[in-house]
Structure formats: structure tokens, C-alpha cells
Amino acid sequence: MSEFEPNSWTIRRPGAAVELVLSQEEVLTAEFGPSVVAGWSLDTSKIEPDDEVPEEIVKRARVIVIEVRPDRPASLARLVRLHVENPSVAVIAAVRNPTVPTMQALLRAGIKDVIALPLVRNDLETVLERMREEIERGLAQATPTGKVVSIIKSVGGVGATALLTQAAALYAQREADRGFKVCLFDLDLQGGNAATHLGISPNLTVSELLDAGKRLDPAVLASVAAEHESGLRVVAAPADLMPTDTVGVDQICDIIHLATAEYRTVFLDLPSDWTNWSLSLVAQSDVVFLIVELSIASLRQAQRQLALLVKLGVAADKIQVVVNRVEKKLFQQINLKDASETIGRQIGLSVTNDFSLMNTALNRGVMIGDIKSKSAVSRDLNKLLDAIDMLLERG
Ligand SMILES: Nc1ncnc2c1ncn2[C@@H]1O[C@H](COP(=O)(O)OP(=O)(O)O)[C@@H](O)[C@H]1O
Ligand SMILES: [Mg+2]
């Protein structure tokens, strides 16, 4: 995955009521910690002080904490406009070393709450606590019950899709016995092959959902989600290559939001390059599996991915590292213990290397249990499913 440094970005979180709008500099110096403050989750957007705040952010906000730079008049004008045009949104000015004239200008504009930059968690907590009632009023909307499990990879080719398709199909069988449905979204818009690996070729794909816009509803979703023999619903990647950066964050978050109302578990296969929307989806996920291999390049890249996600406020304990293609040899160049040391966290999950079994399954589009009833890979996959149950507090 490449470095992620576009001009502006937003990390969306489920049911977030508080929107943080900060410049690059303030994002970097803020002390975010976990993405939930005073019981509410926050969306974070990196937007420069002279730039407008996109309408979709304003639309969903209950509270906006927005940076004001005394040396940039446009930033004060932006704040005032926001406040005047959106009476139902509480606007909090975030200012570095506020001077008396700045404070006076804010008060004249009707801004009652000011918070000091660099942003410190405690200050934010205090301000939000004061607004508790106001925020809670906006959170009364129904919240879906389904959980999101994302699969990301250190580098392409580590077997993320292979593990995901097999695990999701097995998990769908497990969930069917409990009376629930599972759906897999192949959001690898440029190289997605999850449907092929499951031996199905749906006519409709995720691009129909992206095109649906306002028509998006449970019926449209159901028509696109093809049913695999395991019971797993599969939303396939587009048939034609699709530029990943043309997808809007809200557009895709709305689709996944709808899916969590329809299915108890939603698996996401994500592209290997970070985009605005893929980071938001990871931030919204309940569990994130980071698939790695026992190579220096893969582990090094995994370490970078983890650092980026944690820096962006994704809770570290949601991310589970899975080592794929582990050789059961006594003397390995790199073993699981070396791997945990390299990436600086414990690795509880691994999957045995078995190229002929895995490749036969994927090429034929069948589940590995149909090829070989007992295998080390099946056993490992079942441990992965147990981990999902444990992390989602099910079973
Ligand atoms: N446990 C495994 N043992 C052996 N080969 C594997 C294993 N998991 C995946 N592979 C192989 O790795 C290759 C790449 O897998 P794929 O899932 O497409 O990668 P990714 O989605 O991470 O880019 C496939 O040929 C697949 O058969
Ligand atoms: Mg893949």
C-alpha cells in the first residue's frame, strides 16, 4: 500500500456526531487517542483553514470543532458562515494561542465555545460533556446492528482475498445455523476476484450500488448481492476497472451502513492502496484483519500500515494481525516470534502454507473442505472464525 497523503481527507465513523475539521499541521500535533471521546465517536477531516467544509460533513454533524487561524481571515469567515447557515449545528472554534481581538471577533460572531490548539483529549472531553444533551438529541436515529469485518494486507499477493473468501463462506454456514446472514463486499475495485474465487459470476456488481445514489434501498442491495451455496451473499467487484478515487466517502459509507442493517456480518475486501473511503471503512470496522507473510518486506510494510492506522485514530485493539503461508518447518528464516517482534504486537493467528490446496480451491471456485475434508488450512480457518466470534462477542 502506498503512502497516504492526499490534500484533504475524512475518516468517518459509525454514528459519529462530532466532526473535527483541522489542518494538516493540527492533525499531526493533536493528541487524539481513541476515536471515542466522552462516549461519542468523532469523524476527523483534514481540511486547510482557507478551504470550505464539504456539505456532507455539515449535513451529518451535531457538533463541528473547526480550526480558526487569526492570520487567515478566510478561516474566520468560514466559521461565521457555518454558524449562521446551520443553526442546528453547535460550532466550536479551535484556535492556537487565542488573542483578545480573536476572542472578541468570535464572540461577536456568536461563537460561545472555543477550544485551544493543539487539541488535547481532555479539553475536548470537557467541551463535549458540556454539550451532552445537545449531542444526544441528534443521535436518536436508529443504529444498525450488523458488524463490519475488514481485511487489509501488508502488500498485494499475501493471500488476503483467498483467506477472506474461504473464511466468509465458512462463517456464513456458521451464522446460517444461528439464523443470520453474512455478506461479503469485494471493494478491490481494480483487481477484485472474490466472486471468481467462490465460483460465482454475478451480473450485477458494486458499481450498480454506487450508481444507485438515492435509489439505494434494501431491495437494490438484495438484487446485487449474489448468493453462494454456503449462504454467503457476495457483492462482486466491478467487471470493468474503476478508478478508486472517484468513489465518494459518503456514497460508499451509506452502502455499507445499509448492509449492516440487512446482514449481521459484513466482510470487506479492500484495495491495497489507501483511499479516503477505504480508511473511513477501516475506521468504521469492528474488526480489521491485517494479513501478512513472513518476509521482511511484508512485515516492514505491515508495521507502516499499523502506524498509519493508529495515527489516524483507528483503535489498535481492533486490528488483528494474521500471518498467512506459514511453513511448519523447524528451522525457518523468520518465525512467528520474530514477526511479532518486528511489528511490535502479538500474533495470535496464522494460516499454514498449502499452495496446491488453496490454489485448487480458488481456481475451481470451491471451498477447501470440498477438496480435502481435513487439512491444516481448514483447522486454521476455523480458528480465525472462532476469533471473529470472540471479537464480536458471539458464539
Ligand atoms: N495459505 C496459503 N497457502 C498457499 N498459498 C496461498 C495461501 N493463501 C493464499 N495463497 C495463494 O496466494 C496467491 C495470492 O492470493 P490472493 O488472495 O489473490 O492475494 P491478495 O488478495 O492478498 O492480493 C493465490 O495464488 C493463493 O492461492
Ligand atoms: Mg485480493
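Small disclaimer: the values here were computed from a predicted structure and weren't measured. In this convention, every chain numbers its residues from 1, walking through the sequence in written order. Chain labels run from A onward and ligand labels from 1 onward, assigned in the order the entries are written. Confidence filtering applies because this is a predicted model: local features only for residues at pLDDT of at least 70, side-chain atom pairs given and counted only at 80 or more, and all residues used for totals across whole chains, interfaces and linings. Derived side-chain values reflect all non-hydrogen atoms in the structure, with water molecules and hydrogen atoms excluded from consideration.

(A) Region of the structure containing the nonpolar core. With 78 residues, the main nonpolar core has Phe185 and Leu187 as its most contacted residues. The helix and strand labels rest on DSSP assignments: H or I over at least four residues marks a helix, E over at least two residues marks a strand, and numbering proceeds from the N terminus. Here this core takes seven residues from helix α11 (residues 249-262), the largest share from any one element. Residue ranges for the domains trace back to a domain assignment, done automatically or taken from a database. Among the domains, domain 1 (9-138) and domain 2 (147-391) are the pair contributing at least three residues each to this core. Residues contacting Phe185, with those up to four places away along its chain left out, are Leu209, Leu221, Val235, Ile255, Ile256, Ala259, Val266, Phe267, Leu268 and Asp269. Residue types Ala, Val, Leu, Ile, Met, Phe, Trp, Tyr and Cys, when buried and joined through side-chain atoms within 4.5 Å, form a set referred to as a nonpolar core. Exposure categories follow from relative accessible area, calculated using a 1.4 Å probe and restricted to protein chains: below 20% of the type maximum is buried, above 50% is exposed, and the middle band is partly exposed. Residues are treated as being in contact if the distance between any of their heavy atoms lies within 4.5 Å.

(B) Examining the packing of aromatic side chains more closely. Each Phe, Tyr or Trp ring (for Trp, its six-membered ring) is paired with any other whose centre lies within 6.5 Å, and the angle between the two planes then decides the class: stacked below 30 degrees, edge-to-face above 60, tilted in between. This model, assessed by the stated rule, comprises one aromatic pair. Definition used: whenever NZ (Lys) or CZ (Arg) falls within 6 Å of the ring centre and also within 35 degrees of the ring normal, the charge is taken to sit over that ring. Above the face of the Phe180 ring, Arg264 is positioned so that its terminal group lies 3.7 Å from the ring centre.

(C) Representation of the environment of Leu384 in the model. Looking at where Leu384 falls in the secondary structure, it is placed in helix α17 (residues 376-391). Since its relative accessible area comes to 7%, Leu384 is described here as buried. Along the sequence, Leu384 and Leu349 sit 35 residues apart, while their C-alpha atoms lie 6.8 Å from each other. Residues within four places of Leu384 in sequence aside, it is in contact with Ala167, Phe289, Val322 and Leu349.

(D) Quick peek at the site of ligand 1. Taken together, 18 residues sit near ligand 1, with Gly157, Ala160, Thr161, Ala162 and Asn359 positioned nearest. Residues adjacent in sequence count toward polar contacts only when both atoms are side-chain atoms; beyond that, a polar contact is any pair of N or O atoms within 3.5 Å, and within protein one must be able to donate a hydrogen and the other to accept it. Asn324 is positioned such that a nitrogen or oxygen atom in its side chain is 2.9 Å from a nitrogen atom of ligand 1. Accessible areas in this description were obtained via Shrake-Rupley with a 1.4 Å probe; residue shielding takes into account the shown protein chains only. Bound to the protein, ligand 1 loses 86% of the 570 Å² it would expose on its own. Of all elements in the fold, only α7 (160-177), β14 (319-326), β15 (349-352) and α15 (355-364) reach the threshold of two or more residues within the shell around ligand 1. Throughout, near means a residue has at least one heavy atom within 4 Å of the molecule or strand.

(E) A look at the sheet that holds β14. Read across the open sheet, the eight strands follow the order β10-β11-β9-β12-β8-β13-β14-β15; overall the sheet is mixed. With partners counted over all chains shown, the strands left at the sheet margins are β10 (226-227) and β15, one partner each. For strand β9 (residues 182-186) and strand β11 (residues 233-235), the ladder comprises three bridges, and the chain directions are parallel. When the sheet's bridge partners are listed, Phe185 is paired in β11 with Val235. Pairing between strands is defined by DSSP: at least two bridges between the two strands are required.

(F) Just the domain arrangement of the chain, in detail. According to the domain assignment, the chain contains domain 1 (9-138) and domain 2 (147-391). Each partner contributes residues to the interface: domain 1 has 12 residues there, and domain 2 has 13 residues. A simple way to read buried area is as the amount of 1.4 Å-probe accessible surface that goes missing from two parts once joined, with both sides added. Carbon and sulfur atoms make up 53% of the surface buried where domain 1 meets domain 2, a total of about 1000 Å² over both sides. The three residues of domain 1 that bury the most area against domain 2 are Ile11, Arg12 and Arg13, which together make up 49% of that side's buried surface. Whenever Lys or Arg places a side-chain nitrogen within 4 Å of a carboxyl oxygen from Asp or Glu, that contact is recorded as a salt bridge. Where Asp250 meets Arg60, a salt bridge forms, and the shortest distance between an N and an O atom there is 2.8 Å. Joining domain 1 to domain 2, the criterion identifies one residue pair in polar contact (both at pLDDT 80 or more).

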